Amino acid sequence: MGTIVVGAILILAVGAAIGSMVRDKKAGKSLQCGCDCKKCSYHCGQ
């Protein structure tokens, strides 16, 4: 039972991390530096 609970928590944590990265990318933020790519002098590799 404990393995199932820990596995579920791990799946939720990974899902939340991926969801956060997708939201940041849609908002125009870079996944590499976390900065606003519109203001980045290096254009965040774009």
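Quick note: structure is the one above.
Just so you know, these numbers come straight off a predicted model, no measurement behind them. (Residues numbered from 1 in each chain as written. Predicted model: local features only at pLDDT ≥ 70, side-chain atom pairs only at ≥ 80, totals over all residues. Heavy atoms only, no water.)

Enquirer: Quick question: what am I supposed to make of the overall build of the chain here?
Expert: Helix and strand counts for the chain come out as 1 helix and 0 strands. Buried positions account for 9% of the 46 residues belonging to the chain. For the chain, the exposed surface amounts to about 4,000 Å²; the carbon and sulfur share of it is 68%. (Helix = DSSP H or I, 4+ residues; strand = E, 2+ residues; numbered from the N terminus. Buried < 20%, exposed > 50% of the residue type's maximum accessible area, 1.4 Å probe, protein only. Areas by Shrake-Rupley, 256 points an atom, 1.4 Å probe, with all protein chains shown as cover.)

Enquirer: Would you mind going over helix α1 (residues 2–26) with me for this structure?
Expert: Residues spaced three or four apart along an α-helix face the same direction, because each turn holds 3.6 residues. An ideal rise of 1.5 Å per residue puts 36 Å on 25 residues; α1 measures up with 36 Å between its terminal C-alpha atoms. Backbone geometry just after α1 places Gly28 at a positive phi near 90 degrees. (Expected span 1.5 Å × (residues − 1).)

Enquirer: What is the right way to read a nonpolar patch on the surface from this model?
Expert: Residues Leu10, Val14, Ile18, Met21 and Val22 make up a contiguous nonpolar surface patch of about 440 Å² in total accessible area. Among the secondary structure elements, Val14 is positioned in helix α1. Relative accessible area serves as the criterion here: at 42%, Val14 is assigned to the partly exposed category. (Patch = residues over 30% accessible without salt bridge, like charges linked within 9 Å, V, L, I, M, F, W, Y side chains within 5 Å. Salt bridge = Lys/Arg side-chain N within 4 Å of Asp/Glu carboxyl O.)

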